[in-house]
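# Descriptive analysis of the structure
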Amino acid sequence: MPRQNPGEPYYRVDSPEALQILNADPDSTVVVDVRRDDEWVTGHASGAIHINVDEFMDRVDELPEGKKLLFICAAGVRSGVACEYAAALGIDSELLYNIDDGTPSWIAAGNPTSYGNDP
């Protein structure tokens, strides 16, 4: 169940919860991987958008409007920062989720994963 810590403008979920949210409404939900390029190619959530957190502010217009955004990185830290950036830029907090157990857990759980530059 999504959790929200005091003061955080986003919800925290783990990989199984994120997959459940994604499967429940795939047309209105997207995973956003904010890791570096060298991390992305080693495995990422299938269908994810790749925006390095260091480029986030310059590329925020690449995020789809009005969709739930499930941010993911390696361990939940950079994805949390991306959620904070998104909220600061006016994206509705109800749409922001941090997959706080990260991509290694996503892959280990057998969730849909792509490799290399495949989407």
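Look a little higher up for the structure.
Please read all numbers here as calculations on a predicted model, not as lab measurements.

### Some details on the packing of aromatic side chains
Scanning all chains against the criterion turns up three aromatic pairs. Plain terms: the ring middles of phenylalanine 56 and phenylalanine 71 are 5.9 Å apart, the flat faces sit at 65 degrees to each other, and that makes the pair edge-to-face. Placement of phenylalanine 56 in helix α3 (residues 56-59) and of phenylalanine 71 in strand β5 (residues 68-72) is noted, with a sequence separation of 15 residues between them. Of the two residues examined, phenylalanine 56 and phenylalanine 71, each falls in the buried class.

### Some thoughts on the nonpolar core
Core analysis: the largest hydrophobic core is formed by 16 residues, its most contacted members being Val32, Val34, Phe56, Leu63, Leu69, Phe71 and Leu96. Secondary structure elements with two or more residues in this core: β2 (29-33), β5 and α4 (77-88). Take this core: its biggest share by element is four residues, from α4. The residues contacting leucine 69, other than those within four sequence positions of it, are Val30, Val32, Leu63, Pro64, Ile91, Leu95, Leu96 and Tyr97. Core analysis: the next-biggest nonpolar cluster, separate from the first, contains 15 residues, Leu19, Val31, Ile72 and Tyr97 among them.

The rules behind these values
- Residues numbered from 1 in each chain as written.
- Predicted model: local features only at pLDDT ≥ 70, side-chain atom pairs only at ≥ 80, totals over all residues.
- Heavy atoms only, no water.
- Phe/Tyr/Trp six-rings, centres within 6.5 Å; stacked < 30°, edge-to-face > 60°.
- Helix = DSSP H or I, 4+ residues; strand = E, 2+ residues; numbered from the N terminus.
- Buried < 20%, exposed > 50% of the residue type's maximum accessible area, 1.4 Å probe, protein only.
- Core = buried A, V, L, I, M, F, W, Y, C linked by side-chain atoms within 4.5 Å.
- Contact = heavy atoms within 4.5 Å.

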